[in-house]
Every structure is written in C-alpha cells, then in structure tokens.
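Coordinates in review
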2 protein chains.
Amino acid sequence: MTRLTINNINPNVVEAKYAVRGELAVKSEEYRAKIRKGEAKDLPFDQVISANIGNPQQLDQKPITFFRQVLSLLENPLLLEKKEVLIEHLGYKPDVIERAQSLLSHVGNVGAYSASAGVPAIKESIAKFLEERDGFPADPSHIYLSGGASSGVNTLLNIICAGPKTGILVPIPQYPLYTASLSVLNATCVPYYLDEHANWGTSLETIKEAYDKAKKDGIDVRAIVIINPGNPTGASLSEEDVSSVIKFADQEDLVVMADEVYQTNVFKGTFHSFRGALHKLQDENPGQYKSVELASLHSVSKGMVGECGHRGGYFELIGFEPEVEAEIYKFVSITLCAPVIGQCLVELMVNPPKKGDPSYDLYSQEYTGIFEGLKKRAFALYDAFQHMEGVECGEPQGSMYLFPTIKLPAKAVEAAKKEGREADEFYCLRMLEATGVCVVPGSGFGQKEGSLHFRTTFLAPGTEWVGSIQKFHKEFMEEFR
Amino acid sequence: MTRLTINNINPNVVEAKYAVRGELAVKSEEYRAKIRKGEAKDLPFDQVISANIGNPQQLDQKPITFFRQVLSLLENPLLLEKKEVLIEHLGYKPDVIERAQSLLSHVGNVGAYSASAGVPAIKESIAKFLEERDGFPADPSHIYLSGGASSGVNTLLNIICAGPKTGILVPIPQYPLYTASLSVLNATCVPYYLDEHANWGTSLETIKEAYDKAKKDGIDVRAIVIINPGNPTGASLSEEDVSSVIKFADQEDLVVMADEVYQTNVFKGTFHSFRGALHKLQDENPGQYKSVELASLHSVSKGMVGECGHRGGYFELIGFEPEVEAEIYKFVSITLCAPVIGQCLVELMVNPPKKGDPSYDLYSQEYTGIFEGLKKRAFALYDAFQHMEGVECGEPQGSMYLFPTIKLPAKAVEAAKKEGREADEFYCLRMLEATGVCVVPGSGFGQKEGSLHFRTTFLAPGTEWVGSIQKFHKEFMEEFR
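Here is what the cut-offs are and how they apply
Residues numbered from 1 in each chain as written. Chains lettered and ligands numbered in written order. Predicted model: local features only at pLDDT ≥ 70, side-chain atom pairs only at ≥ 80, totals over all residues. Heavy atoms only, no water. Contact = heavy atoms within 4.5 Å. Buried area = accessible area lost by both parts, 1.4 Å probe. Salt bridge = Lys/Arg side-chain N within 4 Å of Asp/Glu carboxyl O. Polar contact = N/O pair within 3.5 Å; in protein donor to acceptor, adjacent residues only side chain to side chain. Helix = DSSP H or I, 4+ residues; strand = E, 2+ residues; numbered from the N terminus. Nonpolar A, V, L, I, M, F, W, Y, C, P; charged D, E, K, R; others polar. Expected span 1.5 Å × (residues − 1). Buried < 20%, exposed > 50% of the residue type's maximum accessible area, 1.4 Å probe, protein only. Pairing = 2+ DSSP bridges. Axes fitted to C-alpha atoms, helices over the stretch in contact; angles between N-to-C directions. UniProt positions renumbered as here; feature names shortened; annotations may be inferred.

1. Regarding the interface of chain B and chain A
Across the boundary between the two partners, chain B contributes 93 residues, which contact 93 residues of chain A. Roughly 7500 Å² is buried in total at the junction of chain B and chain A, and carbon and sulfur atoms are behind 57% of that figure. For the pair chain B and chain A, the number of links is six salt bridges. Close ionic contact of Glu-293 of chain A with Arg-3 of chain B constitutes a salt bridge, the shortest N to O distance being 3.8 Å. Our enumeration of links across chain B and chain A arrives at 46 residue pairs in polar contact (both at pLDDT 80 or more). Elements supplying a minimum of two residues to the side of chain B that touches chain A: α1 (11-15), α3 (65-75), α7 (148-160), α8 (177-184), α9 (204-216), β5 (220-227), α12 (322-334) and α13 (340-350) of chain B. In terms of residue count, α12 of chain B provides more of the side of chain B that touches chain A than any other element does, eight residues in total. Classifying every residue of the side of chain B that touches chain A gives 47 nonpolar, 27 polar and 19 charged.

Written as structure tokens, this is what we have:
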C-alpha cells in the first residue's frame, strides 16, 4: 500500500493544463499579498494588474444597480415589509420591489435547493429572451441553469465523451477549459486552427482537414466547440461562418457546442447566435437541418453584467434524443442545483428593465457606460500595440481580450529555453516581474507552431499600466536584441 | 456517423444512479405543478410534502436573520452609505454592518471571481473555527472553499480515482452522491455495511472484511468514506468508532474522507470530528499517525443554517503530499471558484455573533428554535413509526433523517415485481400517490439484501402529513395482506 502520490493519482487530472490560473497567476497573487503587507519596497511597481482573467468586477466595473438591489431583497425578504423605507430612504424603485416579489413567488427562498435543472419560471424567462433575441421560440424544458458556463461545459462533455476514442473539435487558440476538461475525461481534443489573417475567423477548410485527419486516426469525432465571440481571440464570427459550421455539423452528425458567453461584448458587426442561424436554415430549407444537435451556453459572468463571482449561467439544448437528455438531467441532479442567487441573476440579465420602467434610465446609462468604457479601453490598448516593435494585433472586435502576436529576438527564445520555458511564457513572466501586469502566454491557449502571443484583458482602468507594458517591451527587446 | 444516443454516450454516466432526485421526485413535482394550476381535483391530497430531500428552507425553516442581513449588504454595498436608515428604520444591528464591511474589505466584490481555493480571509476564519471546535490549530492554506460539500466530494474523488482498479470504501446505506460519482469516474465502490442493530454504527470487523475481499479481487483500495452524522441513517458515531476508523486507515494507508455536513444536527451524544480525533491520537502517541491523509468536508446546506440554495462549503486536507495538493488546486481552478456569496455564508456560519454582540440574542434564539423544532419533529415521527405495523426505527440521533426498516407482506413484494420495481420503491410510490408525501426508498441508498427501508426527512412542519403516512401504511398493509 502507498499513500497518494503524483504517480498514482488520476493521471488524466495530472495531464490537464490550465494556464489562466497557473504559475503566473499564483506569482501575481504573491506580489499582491506582499504589497498589501507593505513588504514591496524592492518591487519595481506598487500594484498588481490582473489582466489575465476576464474578471470585470475585480477591476473597475461596477455592478448594475438594478440587479444588486433586487438581489439584496432576495437575500433579505424581510426588507419587503418596509417598502416605504426602501423607496423613500434607499432609492429603490417600485420595479425593483416588484421584481423581487415576483422572483420570490417562484423561487420560494434562495436558501432552498431549486429543481435540478433550475427554477421553472426562470427557464421560462430565458426562453422568452431567446425568442426575442433570435425571432424563434424556445422551449423552457430544454433549458438548464448551471453554475456559470463552465459547469455547463463540464456537464455536456461528461455526457458526450465515452473514452479516448471520442474526439471533440476545439478551436486553437481556445479557452483552456475545453482542453483541460477533455484531459480529465480522457477524451481526444481534435484541434482546428483559427485563421489569424482573417481576423481569427473559422475556416471550414481547416475544420474539415482536422476532422478528416482525426477520422483517419480512428477517432469518433462527435462534437465541435465554437467560442463566439472568441476567447482568447476576441473574434466575432460572421453569419456565414456560423451557418457554414452548422452545415458541416449537419453533414457529419456533430453536436455543436456554442460558447456564447461574450454575446453582448461585440464592438464590430453584430452577434449571430448559433440557435438563430440554425432556425433560419431550418426555415429556409424545409425538411433539412432537423437533426442538428445544438447546445448553446451563456453566463452572467461576462458582458455588461460581469457577475463572475455569482456563478450563474445556462445552456439550451436543441435536437437531443430524449434518452440522452434524461442522462443530462440525471447528471445535473447529482450536483443538486446551480446557486439559486446566480439563477436569479440570470433572470435579471435576460429580463432587464424595459423602456418606461422606473429603473430603466439608470440601467441603460450604466449598461451603455460599461460598454463604451470597454470599447474605449480596447482601442487604447490596440493603439499602444501598434507602436510596439514586433507586436501585431487585429482591431478589437469583441469579448474582453486582445491576443497580439509577438515576434521575439532569437536571444530571448534561447534564454527561455535555458529556463525550460516557452518563449511567450518567459516574456509574460518578465512582464509581470517588471510591471506587475499579469497576462497569459499564448501557449496557454494553443497557437500555431512557431508563433507567439499573449492574451490580455482590457478591463483594467487607467492607461498607466498600458504605458508600463510599452516601457517593459522596449527594454525587453533591447536586452535580447 | 451517428447522433448521440443512450448507447454511445458516456456509459459511466448512464450507469450512475441517483434516486434522491429520481422518478419519485419528478412525479412529486408534477403533482405540485398540478395543484398550483388548480388541476388537482382528482388527487387525494391538496399539497405535496417533499420529505425526500434535506432542503430545510423549502419547508418550514426560516433563514437566520443575521446571515441574511449581512448578505443583503454584500449584494448591495451602496446600502452601507445609509447606515442610519439601516439601523433606525430596518433594524440592522451595528455588528451586521461591521461584518459586511469587514467581509467586503477582504472579498472586494461578491461579483468578482475569488482566488481558486477561496477568499484567503474566509479560509483564515474557517481555520480559527476548526481550532476552537477541536482544540487543535488548522492551516488555512490547506482549506478549500467549494460549492457545497458535493462539489468538494467530486474534486476529491476525481483526484483519488485512477480507473476501475481504484476502490473506495463506502458505507451502505449511503448518500448516493458517492456511488454515483464513483460510477461516473469508472472507479470501484467497495461497500461496507453499517450495523443497523448497533444504531447504524461502523463495525471495524465489517470494514476489514470488505477491504480484504476487495484486495483479494485485485482492487487498489485507497480511501474510506465516512458520513457522520449519517445520511440516510441519522447515526452519530462514538469517539471510539471514529478513532478505530483512523487507526485502520493509518494501518492500510487509506485516505479518510469525512463527510461531516450534519455536525450540528446531533440530538444524542456529541459530534466527534475526524480531525479532532486524529490530532488527539497524534498527541497521545508521539511519532504515530503522522502520515494519515484526512479530507473533512462541511457545508452551509445543513445544520441550523440550512442554506442549500447558496451552494457553500469547504474541505480541509491534512497529511496530503504537496504534489497531490497542487493537483487538487489545479482541479478546483478549472472550475474557477466557489460562489462568492456562498463563501461569505460559510464565513458567517463558522463565525456567528458571539455573546455580547448586538445580534447575538436573536441569533441564539433562532438557532435554538430551529434545533429544538427539528428534534421535536424527529421524535414525533419516531413515535408515529412505533405505532406502524412492520415498521422498526431506532431513536433519532442526528442529521435530518429517519431510516426505518419496513417489513412488507409477500403479496406487496410480488405486486412490486410485476411492475419491475423494488418492493420499497413500490411502497414509496404508493405513498406518494395516496398522500402527496415524497420519501426515498432504501434501495436508493443501498441496504442489506432482503431488507427494506425508506428515508424521510423530519423537516416538514405540522403533524398532519405524519398522520397521512400512518393512514396510508395501514391501508397498504391491509390491501396486500
């Protein structure tokens, strides 16, 4: 008998990689703790900027007032007995009170487990939102509340993956949740590269090549993951790209997993949902596309909501076999239910104050303010990259990230090798040590052999940190020239 | 290529069983919906009693005022700008405001992701609680916040289980989270039976037998799960039972997984924590028991807190290899973090108002009221079982459940067989149809071959439903005599 060691525990977990919260993130937290304790006199910076995680409320973003007012009443319903105080002294508008009452009438109590797939009335509200967004009705019975989109991805991959021969098409670069989850499930990631020269769009040809190669290797390719708008790329897909993926999935009987958590973070063009595109294809081609299986995911963590800490999200299923859906139900029921306050926040996100409602003006002003702020910072960062030697970056399109290419001098690549690191990891570590700015190396998301990138959010306020990246970059390039 | 079907998806998920939210629970929700819509005239009852899930706040239990007042301020920190209104008009005590301010100073914003393993200050608070509870210090760096205890169990089993040859000793009867998770992970459940005739205590002899048999079958037994107080049994283990399990684990190098979520639901004797017993053994036997690996879990869902919907919990690790713990950290980081409001509720649970604090009197009164209410209802239900033919039940000891044995007539067993059901499932289904009371058949938790049980919570208010069970039982016994 032996105790647990790195050599006998689950090898699939050991195999999994998750750079977003890896070594750099840990190191940045150590710096932050040092600064807090006043032990940072030897550091060349006086604050840590976490540009490694899309975590808006850790940085500048304020929560939307309407949402939080309602949540405060859900947490303490006794406040509803003092409506005049709420209205006259605390500035709560009548629609805040009405929404809290209505949610409580359906939820009962946010301290109780809900039904496994979520509160029925909240699922109905989501269905209404989907219908309004896409112009096609949705069935609440195929909607599942989840603890953020991550937990939904975990559920879906647990159902789809039946061992090492199961392959899932995953975009590269990708949010490493996908590769990490596939490692843990001992399934096969079938990478397809996004086209950097076409604004990180999908190339059907590349997808087909990856698919054919995997098939030839005996892999049972079952699903294709699309992240739109993209993470880490920021790409916002055209309707044509979306439709072509659906057509391919239809042809090859692939489940489409549409990660659409950044659907409101779009600066360029419009968001095209997979469910909208699928319904349109079905309408325009009677009898066709009827058997496409689509799972689309959304979350309260991103967008102008930015409520990561509340772990709210949902996924909708279209075209799944009832027996398969029953297994999905069973799987979510083992984890009991998504956090109920997070579920309520999903309801508020999909059903915000409407024009004419007492809370509408403030809501609208806050929402637009956040949107414009993000856009402004995205372009400021983009502009800075234009002036950095060896850095190339497409114009911001969507999501919360920029993902520039970096061309580093050969000496820097050598120095990295000596430390046993990827060159972009070496660069990002140096950046953290010099500036306190934490970004994620491209190798954490996957990238074409020989190319180097890093991902940075544009959530942090101010421009000082952007200047410090520029200064660092210049010095780095000179050091290793 | 084929679409997803029940025959090609993950067979380990298909294999998993989870009766607590299975057919009976679904049927009971259908009845509830019917009643709500006024379509229940043909039903012989006018309300559904969910005695199948330990979900206190779905039933009678009110949340603790102090907790919810603090949470309301965490959700809407703008309220902290109106302290006089909170105090003078809303009855918030100064310690509510102080706690909210202190939590916010550490958390920042409940809408932001926290560190992967949880908010550092909350881990410190838990460590202090553990030290006060057990008299031995705890190290916050080995504490991990989780989304309820379930998510902690999922993390730990994902790390420990390395395939079908990994065996985990699981008590039978057990909360089916364990067997379901082991199915999903394709690991082997090594059942050991609890001793009904010794108040459902652990028998070391039985554990050894199960262990030896599994070893002989080539199973690498790595851990033993203990649920104390017991679910579904309600058993509260003696210090001797706890120590003997630790000694056995030490001898055989087993990880001890101590599920202690019902630690405050104890009516008889005292709760003996595994970490307390381990430290005591270490102190009393210098140099011994140093390599025992213990993971103990707790939750805000049970006890007098009863905040299931908030998905808050934690686990503490003792004696794990640093490299193994690093993998646990990576695993939890893939799921980002536990719900932050749930984390704050953990802090409130482990650090409630103290004597002399402005909120103490109300807190204490509410806490005691809930405790006494549960105890009273447990004994009322126990008394009812004493008067039911063929029903045997030990005196209530702890947790939220009674788990009586039922002896059913041969004709009932036959009738069940005809329907393709276990006899206890048949009985529970009939009970639901006749009374609207939903309980869980013993077969959902595992039980000795030939014995039959059901699990019921004693959370529902009133005594009418208990009467209706008695009436149903009498009629059932007569029908099948």
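This is not the end of the story, as more comes after the structure.
2. Concerning helix α6 (residues 120-134) of chain A
Residue and element names in this part refer to chain A. If you check α6, its first and last C-alpha atoms are 21 Å apart, about what 15 residues at 1.5 Å a residue would give, namely 21 Å. Inspection of α6 places Ala-121, Ile-122, Lys-123, Ser-125, Ile-126, Ala-127, Phe-129, Leu-130 and Asp-134 among the buried residues, and these make up the whole buried set. Buried positions along α6 lie against α5 (94-107), β2 (143-146), α11 (274-284), β7 (293-299), β8 (313-318) and α13 (340-350). Directly beyond the C-terminal end of α6, a positive phi value near 80 degrees is found at Gly-135.

3. Some points on the sheet that holds strand β4 (residues 188-193) of chain B
Residue and element names in this part refer to chain B. The strand order β2-β8-β7-β6-β5-β3-β4 describes an open sheet built from seven strands, whose pairing is mixed. Bordering the open sheet on either side are β2 (143-146) and β4, each of which pairs with just one other strand. With direction set aside, neighbouring strand axes in the sheet form an average angle of 20 degrees. By the bridge criterion, six bridges tie strand β3 (residues 166-172) to β4 in an arrangement that is parallel. Paired with Val-170 across the two strands is Pro-191, which belongs to β4.

4. Brief notes about the side chain of Ser-273 of chain B
Residues and elements named next belong to chain B. Mapped onto the elements, Ser-273 comes out in the loop between β6 (255-259) and α11 (274-284). Relative accessible area serves as the criterion here: at 5%, Ser-273 is assigned to the buried category. Polar contacts involving the side chain of Ser-273 include one to the side chain of Asp-134, which spans 2.9 Å. Of note is the side chain of Ser-273, whose polar atom sits 2.9 Å from the backbone nitrogen of Gly-276.

5. A word on the UniProt feature "domain: Aminotransferase class I/classII large" (unreviewed entry) in chain A
Per the UniProt record, "domain: Aminotransferase class I/classII large" (unreviewed entry) is found at residues 94-463 of chain A. Along residues 94-463 of chain A the backbone is 44% helical and 15% strand, and the end-to-end C-alpha distance reaches 39 Å.

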